[in-house]
Amino acid sequence: MAAPKLPPLPVILLANDLLEGEVVFRTRAGWTRDPRAALVVHDTEGAERLDTEAKAAMARNEVVDAYLVDVALDADGLPVPRHFRERFKISGPSNRPDLGKQAEYAVPGKR
Amino acid sequence: MYRYDEFDEAFVRERVAQFRDQVARRLDGSLAEDEFRPLRLKNGLYLQLHAYMLRVAIPYGTLRAAQLRQLARIAEEYDRGYGHITTRQNIQFNWPKLKDVPDILGLLADVEMHAIQTSGNCIRNVTADHFAGVAADEIEDPRPLAELIRQWSSAHPEFSYLPRKFKIAVTGAAEDRAAVRVHDIGIRIVRHPASGEVGYEILVGGGLGRTPMIAKVVREFLPKGDLLAYLEALMRVYNLEGRRDNKYKARVKILVHEIGIEEFRARVEAEFARLDGPSINADPAEQARIAAYFAAPAYENLLPESGTFEAARAANPDFAAFVEANTFPHRVPGYAALTISLKPIGGAPGDITADQMRVVADLAERYSFDEARATHIQNLVLPHVRKADLFAVWKALVAADLATANAGLITDIIACPGLDYCALATARSIPIAQAISTRFADPVRQREIGPLPIKISGCINACGHHHVGAIGILGLEKSGKESYQITLGGDPGEKAALGDILGPGLSADEVPDAIERIVARYLDTRESGESFSDAVRRLGPAAFKSALAKEVHDAA
């Protein structure tokens, strides 16, 4: 089997929690709801491990729709997805700042 | 309105129990996501960007107060206090938790509602003219027809795995408010030109999405009694010959386009002739049973005009403006149908809070024979309000922030959820609608511009009907940014037309200025009494190109 095509580095792994649907981020220890706590991986081997973990976590029925997202680092070194789609995904509806992660966390990349 | 019989009730309860079991098996790991996904989609449950999303069916858009109150309860207890009215007259909840969905479906079943066939490759919720039973230009209320199709198509074993989703719309009126020509099947109730008999004109192969097409007439006149056999023949031709190798070419419009309407018609007629009609068609007693549920309410004998109404209108300009924009003539003297706009200035089109649902429920119960409607334009309607009660209703709506006087005007914008919620979207829709709405907030100016339906989609799938917007806006991604393509001249009605692309894509910031320039061009060139759509038809979209071009030039 050919190696999976990975996005440009660095990357984070995000997914939706199976039970609740909320967006979650992979850390070294498990999953977090806090976008600031996402594990940022800078090397190919690490990204491949994360990709393997994505499939394993879906197989374990912890999460759904897990995939790697390429990020830039903000001034505080926190990951900001390069694509606007994932910037919305880790933040919440742009017309409703009272809903989604932006209501709870200082989401990286969010003014 | 239709009420469940014991079979409907048992069927819906059984589905809730099945889904409860399916969710339990998903959570304990017996079902993998690939196995579970088609099951949840059969029950209207999607996974979107931030959360799951539950789409609840509102058959042909008709609701009663108890149902609205239950939707309010679900919004409050299981969601974030609001719902979103869709362009298929349904309602979506944006934040349900998977583990709660069986309970939500149970609450829906308690008020004869469900989320069955609001997704998946099956026959979806049948939509109807939102002024059904009200409009003076109507031959017959199309909702008994819609209900018959709903019953026939619900869990129909032969049509549960179609090549692709299938949408049907019905109208009984001369003016097409149901967009029947951009549906897989559109049905118009018509009179036979020679005999005067009431029957159906059947249109097929319309649709929006990445390959928009206007439907073609496949049967000019179908006797009423033959409806289900004819639909079965048509669906069978599609089911057998529609493409399954490419989902982008799987809708019936592609089949009709590829083999031609004459060949398609011939195949349907051949199948229709082979079918045993009497074993398929609904028997007249069953049709009468369904129709009885849609009998006209007990209207009072009223004078056409109401003195108290006229006095209130004369004394209160805001009320007068509301009446002018948001009431629709009722066929019964002394009554009006009233549109409750879910398009407040700067708001998200179609969103309604739980409290607002309860206000509408109370008003429906007290003033509109316990009936409200959801429209494909993402508004609500109180279909039967006495003119003498309009002022009281308006005051209650004002108190609930539901009295925006903009039905049909430039701020009455259709917009899909777009990238603020939807996993498929390529760009946001809601903020574009908000920016345009804010730009054209002045009610005097809106009235001066007149009817101008703007429709916005956040991707090529066209849930926001942009192809048939007088001004259509399509959000795409271009070089890592959101980019918006403007189309002009679309029309969802009896003069159905697809809009023409006006020029290169714009950034989100440029869109309101571009709309402003297009509107200015219209105001400069319109003839007396000429609507925006008529002016575009007369002048052609090209006449507006330079209005957009200037915008692009300025931005460069």
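Higher on the page you've got the structure.
Please read these numbers as outputs of a predicted model, since none were measured by experiment.

Cut-off values and rules
- In every chain, residue numbers begin from 1 and rise along the written sequence.
- All chains are assigned letters beginning at A, and all ligands numbers beginning at 1, according to the order in which they are written.
- With the structure being a predicted model, the display of local features is reserved for residues of pLDDT at least 70 and the display and counting of side-chain atom pairs for 80 or more, all residues being used for whole-chain, interface and lining totals.
- To get the side-chain values, take all heavy atoms of the structure and skip hydrogens and water.
- Numbering of helices and strands runs from the N terminus, with a helix taken as a DSSP run of H or I at least four residues long and a strand as a DSSP run of E at least two residues long.
- For the radius of gyration, the atoms used are the C-alpha atoms, and the globule rule reads 2.2 Å times the number of residues raised to 0.38.
- Exposure classes here rest on a 1.4 Å probe applied to the protein chains alone. A residue is buried below 20% of its type maximum, exposed above 50%, and partly exposed in between.
- Residues count as neighbours in contact if any of their non-hydrogen atoms are within 4.5 Å of one another.
- Calculation of accessible area relied on Shrake-Rupley with a 1.4 Å probe; when residues are assessed, cover is drawn exclusively from the protein chains displayed.
- Pairing between strands requires that DSSP locate at least two bridges from one strand to the other.
- Here the aromatic set is Phe, Tyr and Trp, taking the six-membered ring for Trp, and pairing holds for ring centres within 6.5 Å; pairs whose planes are under 30 degrees apart are stacked, those over 60 apart are edge-to-face, and all others are tilted.
- Pairs of cysteine sulfur atoms within 2.5 Å are what we label disulfides.
- The convention used is that axes are lines fitted to C-alpha atoms, helices contributing only their stretch in contact, and that angles between N-to-C directions extend from 0 to 180 degrees.
- Geometric relationships in this document are graded by angle, where less than 35 degrees denotes roughly parallel, more than 145 denotes roughly antiparallel, 65 to 115 denotes roughly perpendicular, and other angles denote oblique.
- Side-chain classes are defined by residue name, with Ala, Val, Leu, Ile, Met, Phe, Trp, Tyr, Cys and Pro counting as nonpolar, Asp, Glu, Lys and Arg as charged, and the others, Gly among them, as polar.
- What gets called buried area is simply the loss in accessible area from a 1.4 Å probe that two parts show on being joined, summed for both.
- Any carboxyl oxygen of Asp or Glu that lies within 4 Å of a side-chain nitrogen of Lys or Arg is treated as forming a salt bridge with it.

> I keep staring at the overall build of chain B and nothing clicks. Help me out?
Scanning chain B for helices and strands turns up 19 helices and 20 strands. In terms of C-alpha radius of gyration, chain B reaches 23 Å, essentially the compact-globule figure of 24 Å for 556 residues. Here the C-alpha coordinates of chain B stretch approximately 60 × 60 × 60 Å along the principal axes. Buried residues in chain B amount to 60% of all 556 residues. Of the contacts formed within chain B by residues at least 6 apart in sequence, a portion of 68% connects residues at least 24 apart. If you sum the accessible surface of chain B, you get close to 20,600 Å²; carbon and sulfur atoms cover 53% of it.

> Explain the pairing of strand E15 (residues 380-386) of chain B to me, please; I cannot follow it from the model alone.
Regular strands place their side chains on alternate faces of the sheet. Residues and elements named next belong to chain B. With 6 of its 7 residues buried, E15 lies for the most part within the structure. Here strand E12 (residues 335-340) runs beside E15; their pairing, made up of 5 bridges, is antiparallel. Residue pairing across strands places Thr-339 opposite Val-381, the latter belonging to E15.

> Looking at this structure, I do not really get the packing of aromatic side chains. What am I missing?
Each aromatic ring pair is characterised by the separation of its centres together with the angle its planes make. All names here are of chain B. Considering all chains together, one arrives at 17 aromatic pairs over all chains under this definition. Each ring, one from Phe-166 and one from Tyr-238, has its centre 5.4 Å from the other, and the planes form 45°; the classification is tilted. Placement of Phe-166 in the loop between helix H5 (143-153) and strand E7 (168-171) and of Tyr-238 in helix H6 (residues 227-241) is noted, with a sequence separation of 72 residues between them. An identical accessibility class is assigned to Phe-166 and Tyr-238; each is buried. For the pair Phe-319 and Trp-394, a centre-to-centre distance of 5.4 Å together with 50° between the ring planes defines the contact as tilted. In this pair, Phe-319 is assigned in helix H12 (residues 317-326) and Trp-394 in helix H14 (residues 390-399), connecting sequence segments 75 residues apart. For the pair Phe-319 and Trp-394, one class covers both residues: buried.

> Looking at this model, I keep getting lost on the state of the cysteines. Mind explaining?
Covalent bonding between the sulfur atoms of two cysteines is what defines a disulfide. Residues and elements named next belong to chain B. Taken as a whole, this structure holds 0 disulfides over all chains when the rule is applied. Its sulfur unpaired, Cys-122 is 15 Å from the next cysteine sulfur, which belongs to Cys-463. Among the residues examined, Cys-463 registers a relative accessible area of 44% and is labelled partly exposed.

> Just to check I follow, could you spell out the sheet that holds strand E20 (residues 500-501) of chain B for this structure?
Think of a sheet as strands paired side by side through backbone hydrogen bonds, with each pair either parallel or antiparallel. Residue and element names in this part refer to chain B. Ordered by their spatial adjacency, 5 strands build an open sheet running E16-E17-E18-E19-E20, and the pairing between neighbours is mixed. At either end of the open sheet lies a strand with only one pairing partner, and these are strand E16 (414-415) and E20. Two elements, E16 and strand E17 (residues 454-457), share 2 bridges in a ladder whose sense is parallel. If you follow Ala-415 over to E17, its bridge partner there is Ile-456.

> What is the right way to look at the sheet that holds strand E13 (residues 351-353) of chain B in this model?
Residue and element names in this part refer to chain B. Pairing within the open sheet is antiparallel, and its 5 strands lie in the order E1-E2-E5-E4-E13. Each end of this open sheet is capped by a strand with a single partner; those strands are strand E1 (45-47) and E13. Geometrically, the sheet is characterised by an average inter-axis angle of 30° between neighbouring strands, direction not taken into account. Alignment of strand E4 (residues 82-85) against E13, held across 3 bridges, turns out to be antiparallel. Within E13, the position partnered with His-84 by the bridge is Asp-351. This element, helix H13 (residues 354-367), spans E4, strand E5 (91-93) and E13 of the sheet and lies at about 80° to E13.

> For this particular structure, what's the right way to read the packing of helix H1 (residues 6-27) of chain B against helix H4 (residues 101-110) of chain B?
The axes of two packed helices give the description: the angle between them and the distance between them. Residues and elements named next belong to chain B. Contact geometry for H1 and H4: axes closest at 9 Å, N-to-C directions at 175°. As judged from the angle between their axes, H1 and H4 are roughly antiparallel. Touching Val-12, Arg-13, Val-16, Phe-19, Arg-20 and Val-23 of H1 are Val-101, Pro-102, Asp-103, Leu-105, Gly-106, Ala-109 and Asp-110, all from H4. Classifying every residue of the contact of H1 with H4 gives 8 nonpolar, 1 polar and 4 charged.

> So what exactly am I meant to see when it comes to the interface of chain A and chain B here?
How big an interface is tends to be expressed through the accessible area that disappears when the partners come together. Contact with chain A, which involves 23 residues of that partner, is made by 33 residues of chain B. Taking both sides of the interface into account, the surface hidden between chain A and chain B amounts to around 2,300 Å²; carbon and sulfur atoms contribute 57%. Counting across the interface, chain A meets chain B through 2 salt bridges. Between Lys-99 of chain B and Glu-20 of chain A there is a salt bridge, with its nearest N and O atoms 3.1 Å apart. Partitioning the side of chain A that touches chain B into residue classes produces 8 nonpolar, 8 polar and 7 charged.

> Any chance you could explain the side chain of Lys-89 of chain A here in plain terms?
Note on placement: Lys-89 of chain A falls in helix H2 (residues 84-89). If we skip the residues at most four places from it in the chain, Lys-89 of chain A touches Leu-14, Asn-16, Val-23, Asp-65 and Tyr-67 of chain A together with Leu-49 and His-50 of chain B.

> What's the story with the environment of Pro-7 of chain A in this structure? I'm lost.
Residue and element names in this part refer to chain A. Mapped onto the fold, Pro-7 is located in the segment before strand E1 (11-17). In the structure, Pro-7 is positioned 61 residues away from Leu-68 in sequence and 7.0 Å away in space, judged by C-alpha atoms. Beyond its immediate stretch of four places on either side in the chain, Pro-7 contacts Leu-68 and Asp-70.

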